[in-house]
Amino acid sequence: MHLSLPHFLNLALHIGAGIAAIILGLALLLRAKGTSAHCRQGRIVVHLTLLVCATGVIGSVFFRFVPLFAVLTLLVSYQLLSGWHAVCTKAAGPNRIDALLAACAAGWAFGLLPALLAAETGVVAYSTMGALALLLAYDVARWCFPQHWHATLWRYEHIYKLVASLFGMLSAASGNLLRVGQPWSQLLPSLLGMAVIAVCIWREHHARSRAALSPPESDWRRSLR
């Protein structure tokens, strides 16, 4: 298939940013969390992923519309921005930016629904849309949560949404590169991502529980440092 120069450049930028975001994101999973290096490298991953999503939107609108990848772009974009914003709000809970993100994602999803139905897309597209619907339902419900819940929940929301964005990109990449074994070539990265999310959330919960049970350090011990 012949590609025009703008299409080729957009595709090259999309693939290059995606490879860099996936490699750096996977490396970030193995490093200590909450450090200045984690925050700095995390911002790089977020910016690279935003570039992947932006070029994905450009490709869908101006060059070649593929319903499945349009839905994946929507899900990754929403998870990324919502999960990133959770670090900004923390214990304060959702605000107007969260409401705007959810409204835009819901509108985008309804706009894509006729194309999905007309194209008779497979299980991956519908499961992706279902994952988005569940995430939006949770994000709407958290407006009703007691205020003190958010001091803990924001950490798990950040983990889920950012790691899910990473494995969403990996799912899209494997679906493009591995033409055989579909839809499992796209579903397996998502299943792996859920397992990684479960481990990360368990580790975060375990670390917080252990810190809560540790006796406070006495003044004389602190003075020895």
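Cut-offs applied
- Residues numbered from 1 in each chain as written.
- Predicted model: local features only at pLDDT ≥ 70, side-chain atom pairs only at ≥ 80, totals over all residues.
- Heavy atoms only, no water.
- Axes fitted to C-alpha atoms, helices over the stretch in contact; angles between N-to-C directions.
- Helix = DSSP H or I, 4+ residues; strand = E, 2+ residues; numbered from the N terminus.
- Parallel < 35°, antiparallel > 145°, perpendicular 65-115°, else oblique.
- Left-handed = near helix turned anticlockwise from the far one by under 90°.
- Contact = heavy atoms within 4.5 Å.
- Nonpolar A, V, L, I, M, F, W, Y, C, P; charged D, E, K, R; others polar.
- 1 Å grid on protein atoms, 1.4 Å probe; cavity = no way out; pocket = protein on both sides within 12 Å on 5 of 7 lines; lining within 4 Å.
- Points joined across faces, edges and corners; volume = space filled by probe spheres on them.
- Core = buried A, V, L, I, M, F, W, Y, C linked by side-chain atoms within 4.5 Å.
- Buried < 20%, exposed > 50% of the residue type's maximum accessible area, 1.4 Å probe, protein only.
- Phe/Tyr/Trp six-rings, centres within 6.5 Å; stacked < 30°, edge-to-face > 60°.

Visitor: Sorry, what's going on with the packing of helix 3 (residues 67–89) against helix 6 (residues 150–177) here?
Guide: For any two helices packed against each other, one specifies the inter-axial angle together with the distance between the axes. Two elements in contact, helix 3 and helix 6, have axes separated by 8 Å at closest approach and are oriented at 155 degrees. Looking at the two axes, helix 3 sits roughly antiparallel to helix 6. Viewed along their axes, helix 3 and helix 6 form a crossing whose handedness is left-handed. When helix 3 is examined against helix 6, the residues F69, L72, V76, Q79, L80, S82, G83, W84, A86 and V87 are found in contact with a partner set consisting of W154, E157, H158, Y160, K161, L162, A164, S165, G168, M169, A172 and N176. A per-class count over the contact of helix 3 with helix 6 returns 13 nonpolar, 7 polar and 2 charged.

Visitor: Mind showing me how you'd approach empty space enclosed by the protein here?
Guide: Where empty space is left becomes clear once a probe the size of a water molecule has been rolled over the atoms. In this structure the tally under the stated criterion is 1 cavity of 30 Å³ or more. Approximately 40 Å³ is the volume found for the largest cavity. For the largest cavity, the full set of lining residues is T89, K90, G93, P94, R142, H150, L153, W154 and E157. Take the lining of the largest cavity: its biggest share by element is 4 residues, from helix 6. Residue composition of the lining of the largest cavity, by class: 3 nonpolar, 3 polar and 3 charged.

Visitor: Any chance you could explain the nonpolar core here in plain terms?
Guide: Within soluble globular proteins, side chains that are nonpolar generally end up buried alongside one another. Ranked by size, the top nonpolar core spans 21 residues in total, and within it L74, Y78, L112, M129, L132 and L136 carry the most contacts. Listing elements by their share of this core, those giving two or more residues are helix 3, helix 4 (96–119) and helix 5 (123–141). The leading source of residues in this core is helix 3, at 7 residues. Contact partners of L74, with chain neighbours within four places excluded, come to A105, W108, A109, L112 and L132.

Visitor: Explain the packing of aromatic side chains here, please?
Guide: In this description, a pair of aromatic rings is defined by centroid distance and the angle of the planes. In the structure shown here, the tally under the stated rule is 2 aromatic pairs. Consider the rings of F145 and W149, whose centres lie 5.2 Å apart with planes at 50 degrees: the pair is tilted. Here W149 falls in the partly exposed class, since its relative accessible area comes to 41%. Three or more aromatic residues joined by ring pairs form one cluster here, namely Y138, F145 and W149.

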